[in-house]
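Working through the structure, step by step
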Amino acid sequence: MIRTIRRDDLADIAELWRHFYPSRYHVTPELISYNTFDSGLLDWGASAVIHGIEGMLLGFVLVKKSGAAFYRGPDPDTAHISALGFLEPGIGVELMEHVKRTLSNRGICRIVFGTDWRHFFPGAPTDFPLLINFLTIDGFDAGGESVDLERDMTTYVNPFPTTFDDLTFRPATEADTDALDDFFAREFPGRWRYDVLRKLKSEGKPEVVFGMFSPEQCEGFALLQNWTHNEKIAGAVWHLDLGDNWGSLGPIGISKARRGHGEGNALLGAALEHLRDFGAKRAIIDWTTLMKFYGGHGFEVSRTYRSMALRLED
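As a starting point, this report considers the structure included with it. Keep in mind that what you see is a predicted model, and the values were worked out from it rather than measured. (Residues numbered from 1 in each chain as written. Predicted model: local features only at pLDDT ≥ 70, side-chain atom pairs only at ≥ 80, totals over all residues. Heavy atoms only, no water.)

**So, helix H8 (residues 263-278)**
Defined as follows: The way it works is that DSSP assigns letters per residue, a run of H or I at least four long becomes a helix, a run of E at least two long becomes a strand, and they are numbered from the N terminus. In this scheme, a helix's expected span is set at 1.5 Å multiplied by one less than its residue total. Contacts between residues were defined by any pair of non-hydrogen atoms, one from each residue, lying within 4.5 Å.
With 16 residues, H8 should reach 22 Å at 1.5 Å per residue; the first-to-last C-alpha distance of 23 Å fits that figure. Packed against the buried residues of H8 are strand S8 (168-171), strand S9 (209-213), strand S10 (218-226), strand S11 (246-254), strand S12 (282-288) and helix H9 (291-295). Of the residues flanking the end of H8, it is Gly-279, one or two places downstream, whose phi is positive at about 120 degrees.

**Let's talk about the pairing of strand S7 (residues 141-152)**
One face of the sheet, then the other: side chains in a regular strand alternate in exactly this way. We apply this condition: In this analysis, strands are considered paired if DSSP registers two or more bridges between them.
Examined bridge by bridge, S7 and strand S13 (residues 300-311) share eight bridges and lie antiparallel to one another. Bridge pairing in S13 places Val-147 opposite Thr-304. The pairing of S7 with S12 spans five bridges and is antiparallel. Within the sheet, the bridge partner assigned to Arg-151 lies in S12 and is Ala-283.

**Quick word on helix H6 (residues 191-203)**
In an α-helix there are 3.6 residues to a turn, and that puts residues three or four apart on one side. Counted only if it meets this: Between buried and exposed lies partly exposed: a residue is buried under 20% and exposed over 50% of the maximum accessible area for its type, with that area taken using a 1.4 Å probe on protein chains only. Read the arc as the range of directions from the helix axis to the C-beta atoms.
Over its 13 residues, H6 runs 18 Å from end to end, which matches the ideal 18 Å to within 8%, given 1.5 Å per residue. Of the residues making up H6, those classed as buried are Arg-191, Asp-195, Val-196, Lys-199, Leu-200 and Glu-203. Each buried residue of H6 sits inside an arc of 150 degrees when the element is viewed along its axis, so together they form one side. Directly beyond the C-terminal end of H6, a positive phi value near 70 degrees is found at Gly-204.

**Some points on unusual backbone geometry**
In terms of backbone geometry, most residues other than glycine have negative phi values and most peptide bonds are trans. For the peptide bond that leads from Gly-250 to Pro-251, omega is 5 degrees, which places it in the cis range. One non-glycine residue, Thr-115, adopts positive backbone phi at about 65 degrees. Relative to the helices and strands, Thr-115 is located in the loop between strand S5 (110-113) and strand S6 (124-125). Positive phi outside glycine occurs at Arg-118, with the angle close to 55 degrees. Within the secondary structure, Arg-118 sits in the loop between S5 and S6.

Keep in mind that these numbers describe shape and distance, not what the molecule does.
Encoded structure:
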């Protein structure tokens, strides 16, 4: 029997998640709740579960609305499958028919797997062909690929210079709050601004932002996370697979005017050294196509995702 989702479905969803997804994509029930029920974007009407006659959960689909209500950039007529799980493909088909019917009736014109705000997946994992094949048969079109990158931080040595006459590389402090806000408004006014400033506020630790500062202003940033943090976003969602004393870097960016002079590598290297010195053992950089840039610091591909999107008929 199919019905719309409820909060008390969380324990069953978490159990089926562990059964459905490969172990490297396992997450805690708390993170499932944080990224969906508590996100403010869960589509309660489109999200659904199916139980068997004895009450066992047979399948679930978690649908989220566009992040357009929170930050600039997203298409408000796009919905996201945050996660999907089922015991049999037929159950998945029934869930997706409910999703497509519900969203189409509202005028939503496109469904994307992953990439939602507070996402788990940047796309469908290519090492999980069951999901890729299911989405393809269900009508989703495949697009480009992005990757997660990882490396052992205990052996990290920054190979790039960090000496620039007008720049310092350091963790942010309370005194940098206005400079950071000005930087993001100027350079990255969309999702990155919303994510990073919200993370800074929620953790109450300005040092989650590692900055690149000139005497006049902030010129770059890297978001750093580690095992002591309460909220886990971006690559930190896979912290169970990373192991104890995990670390995460990203997003990272510098001012347009400062690009092309080695300052991006300097910021990345200094931020990674800070993460290493804090005690991080294994670090992840998620959802990127810049393998060469990060590969210069010893990072290697750990997961690959394929974008999958479905255009709903008018």
